[in-house]
Amino acid sequence: MSFALLFLVWGMANPVIADSMIPEARVMDQEPVQLGSYQIYFSAFNSTFIPPSVAEQYNLRRGGRYGIVNIAIRDVAAGDMGKAVTGRISGHTMNLLTQKTNLQFSEVTEGSAIYYLADFKFSDEELLKFAIDVTPQGSSRSETLRFEQTFYK
């Protein structure tokens, strides 16, 4: 898969994210999670979707058995586009045998973009359940994102 793509964020080109070659955090087949005036976007993908140099730059494990989860928070109080904000992010994955693995998120800031990345290990054709707690900066409320996805080598 080629990553000569320009990633779109809310209908506008964002060259900062395109330069980093990290796929944008976006919800697959649904709307972002709404928490008051905040929208929480997320995605999980195979780490081989990013070039080795990008994985090294962000200290992410890369290979056929590793995935990456990406979280982004936007404060949309001021308008539809909103503003990227920081937050506290923690969570884990759980396989069908109920084995939990904690996710270690790193904050990445590139220009006006802020997102959180964590890598995780998986087996071929493994269904992983994610539980990720997100507390946006300036909010006393948190949201637990729950989703599941099957990963392939």
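Residues numbered from 1 in each chain as written. Predicted model: local features only at pLDDT ≥ 70, side-chain atom pairs only at ≥ 80, totals over all residues. Heavy atoms only, no water.

**Student:** Break down the overall build of the chain for me, with residues and values.
**Tutor:** Within the chain, the secondary structure is distributed over two helices and twelve strands. Along the chain, helices and strands appear, N-terminal first, in the series β-β-α-β-β-α-β-β-β-β-β-β-β-β. Residue burial in the chain is summarised as follows: out of 153 residues, 48% are buried. Summarising the internal contacts of the chain: among those between residues at least 6 apart in sequence, 58% fall at separations of at least 24. Accessible surface computed for the chain: about 8,400 Å², of which carbon and sulfur atoms make up 47%. (Helix = DSSP H or I, 4+ residues; strand = E, 2+ residues; numbered from the N terminus. Buried < 20%, exposed > 50% of the residue type's maximum accessible area, 1.4 Å probe, protein only. Contact = heavy atoms within 4.5 Å. Areas by Shrake-Rupley, 256 points an atom, 1.4 Å probe, with all protein chains shown as cover.)

**Student:** For the pairing of strand S12 (residues 143-151), give the residues involved together with the corresponding values.
**Tutor:** Bridge count between strand S11 (residues 126-136) and S12: nine bridges; the pairing is antiparallel. Looking across to S12, one finds that Asp133 is bridged to Thr144. (Pairing = 2+ DSSP bridges.)

**Student:** Give a detailed account of the environment of Thr144, specifying residues and quantitative values.
**Tutor:** Relative to the elements of secondary structure, Thr144 occurs in strand S12. Residue classification places Thr144 among the partly exposed positions, given a relative accessible area of 30%. Thr144 sits ten residues away from Val134 along the chain, and the two C-alpha atoms are 6.2 Å apart. At 2.5 Å, the side chain of Thr144 forms a polar contact with the side chain of Asp133. (Polar contact = N/O pair within 3.5 Å; in protein donor to acceptor, adjacent residues only side chain to side chain.)

**Student:** I'd love a proper account of the confidence of the model for the chain, names of residues and values included.
**Tutor:** Averaged over all residues, the pLDDT of the chain is 84; the fraction at 70 or higher stands at 80%. Low confidence marks residues 1-19, where pLDDT is under 50. Its contacts with residues over four positions away, or in another chain, come to 35 contacts. (pLDDT = per-residue confidence, 0-100.)

**Student:** Please set out the nonpolar core residue by residue, giving values where relevant.
**Tutor:** Val69, Ile71, Phe105, Phe130 and Ile132 are the most contacted members of the largest nonpolar core, which has 25 residues in total. Of all the secondary structure elements, the ones that give two or more residues to this core are strand S4 (38-46), strand S5 (66-75), strand S10 (113-121), S11 and S12. Excluding residues that lie within four positions of it along the chain, Phe130 makes contacts with Ala44, Val69, His92, Thr93, Leu103, Phe120, Leu145, Arg146, Phe147 and Phe151. In this structure, Tyr41, Phe45, Ala55 and Val108 belong to the second largest nonpolar core, which totals 13 residues. (Core = buried A, V, L, I, M, F, W, Y, C linked by side-chain atoms within 4.5 Å.)

**Student:** Please give an account of the packing of aromatic side chains that cites residues and values.
**Tutor:** Scanning all chains against the criterion turns up seven aromatic pairs. Seen in terms of ring centroids, Phe120 and Phe122 are 6.4 Å apart; in terms of plane orientation they differ by 50 degrees. Their pairing is tilted. The pair Phe120 / Phe122 is uniform in exposure class, with both members buried. Through a chain of ring-to-ring contacts, the aromatic side chains of Phe42, Phe120, Phe122, Phe130, Phe147 and Phe151 assemble into a single cluster. (Phe/Tyr/Trp six-rings, centres within 6.5 Å; stacked < 30°, edge-to-face > 60°.)

**Student:** Please give an account of the environment of Asp124 that cites residues and values.
**Tutor:** Note on placement: Asp124 falls in the loop between S10 and S11. Taking relative accessible area as the criterion, Asp124 reaches 40% and is therefore assigned partly exposed. Expressed as a C-alpha distance, the spacing of Asp124 and Thr150, which sit 26 residues apart in the sequence, is 8.6 Å. Other than its neighbours up to four places away in sequence, Asp124 contacts Phe151, Tyr152 and Lys153. In this structure the side chain of Asp124 is engaged in a polar contact, spanning 2.8 Å, whose partner is the backbone nitrogen of Lys153.

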